[in-house]
Amino acid sequence: MHRAIYQAVKENGFKPILADSLDAFQDDKSKFSGIHKIVYDSQASDCDLYDKQPLLKCRIVVASYFGEHACRNGHPLSGSDFRGNCQIPYRQYLSPFETSCLTNIGFSPRNEHPRSPPPIERARAGLLLGKHPGVFNSDPWVMKVISELIAANFTLYTSCVPENGVSCDFMPSTVVRMGHMTPEDYTSLMNSFSFMLGSGNPILSPSPIEGLASGVAFLNRIGGAGSIHGYDLGQHTPLALLGPPYVYNVDFSDVEGVVRAANMSTELRFSSFVPAEFTSAVVRARTCAWLSDESPCACARYPRSEHCQMTALVSREFIPHNKLHAYPGPANRPLTVQDP
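Predicted model, so just to flag it, every value in this text is computed and none were measured.

## Focus: the sheet that holds strand β8 (residues 195-197)
In a beta sheet, neighbouring strands are held together by backbone hydrogen bonds and run either parallel or antiparallel to one another. Here we have 6 strands laid out as an open sheet, ordered β7-β6-β5-β8-β9-β10, and parallel in their pairing. Every other strand in the sheet has two partners, leaving β7 (176-177) and β10 (247-250) as the edge strands with one partner each. Bridge analysis of β8 against strand β9 (residues 217-221) gives 3 bridges, and the strand direction is parallel. Its bridge partner lying in β9, F195 is registered against A217.

Rendered as structure tokens:
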């Protein structure tokens, strides 16, 4: 997600600057004069910055890939406020998916435009999605499905790594351990798989989207862990409606159905597929709209205005964020914020 945003900012005519921290800016307001937006990775933690430079708060946004958990169905889930101590308004969080209270910035896979098309024909091989041992060994249905896929002559791969003293030794010996891989190596290895099996977690992982771009079908688990988290369409709701040959919705209580879907992924092949909403062009357009939206800073200056009072109200009620844009930026050019 951060890679896609970085590229989209550049393509919209801005110069992105990478920084490990904002310590150098803490006591010198002038250093922010040329900064249009400040993008945090996952969570904003420099709360002292707000105390010393409160007008900067409106320029700060947070790229939060998994922040969607906090506002599903229009309301925050109990105990899931992920914003930390700074409590930046939800609309200043960027999400790769359409949500009820965050700003949808989109997401594009690393392999969207490969130098050479991925091969169409694949071996009977699949990737087990998930790194944490608990994703697999906490649910007997998962291990049952893995055993049946092996019995059906599929070669399975895993990126499972030990965690909190729990090893991955419970995996059958025939499952290939991939170990640590760079993003580039991971993308390259995707060309070997016919399918990627979702066991219910991690919810909304970017890997199935990366996989589709490399010709890997996604077996999206419905029920199980996905339904516990409140997703009626399984582990990856945004992909669930695509259908074969790209996505197969499978119920692990129907083990034969899972194996049948894996077989179909080897027969109904495709080289690459990127859903329209997950293209770099969409990220670029949404980034332009986000860069042009000056209403957060307008409300920082004039908090008692009718628009800002309305914005505060709907933010508390978690109304979809696209109803908050009463002050959209100019269509053709982003504005630069100037403090009074």
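## Some thoughts on the sheet that holds strand β2 (residues 60-63)
One open sheet holds the 4 strands; their spatial order is β1-β2-β3-β4, and the pairing between them is parallel. The sheet is open, and its two edges are formed by β1 (38-41) and β4 (103-104), each paired on a single side.

## A short note on the packing of aromatic side chains
In total, this model carries 5 aromatic pairs according to the counting rule given. Look at F154 and F195: their rings are 5.4 Å apart centre to centre, the planes differ by 85°, and that puts the pair in the edge-to-face class. With a gap of 41 residues between them, F154 in the loop between α4 (140-151) and β6 (155-158) and F195 in strand β8 connect regions that are remote in the sequence. Accessibility expressed as a relative area gives 0% for F195, which makes it buried. Ring centres of Y246 and F273 lie 3.9 Å apart, and the angle between their planes is 15°; on these two criteria the pair is classed as stacked. With Y246 in the loop between α8 (237-240) and β10 and F273 in the loop between α9 (255-267) and α10 (280-292), this pair connects stretches of sequence that are 27 residues apart.

Analysis parameters
- Residues numbered from 1 in each chain as written.
- Predicted model: local features only at pLDDT ≥ 70, side-chain atom pairs only at ≥ 80, totals over all residues.
- Heavy atoms only, no water.
- Pairing = 2+ DSSP bridges.
- Helix = DSSP H or I, 4+ residues; strand = E, 2+ residues; numbered from the N terminus.
- Phe/Tyr/Trp six-rings, centres within 6.5 Å; stacked < 30°, edge-to-face > 60°.
- Buried < 20%, exposed > 50% of the residue type's maximum accessible area, 1.4 Å probe, protein only.

Interpretation note: all reported values are geometric properties and have no functional meaning in isolation.
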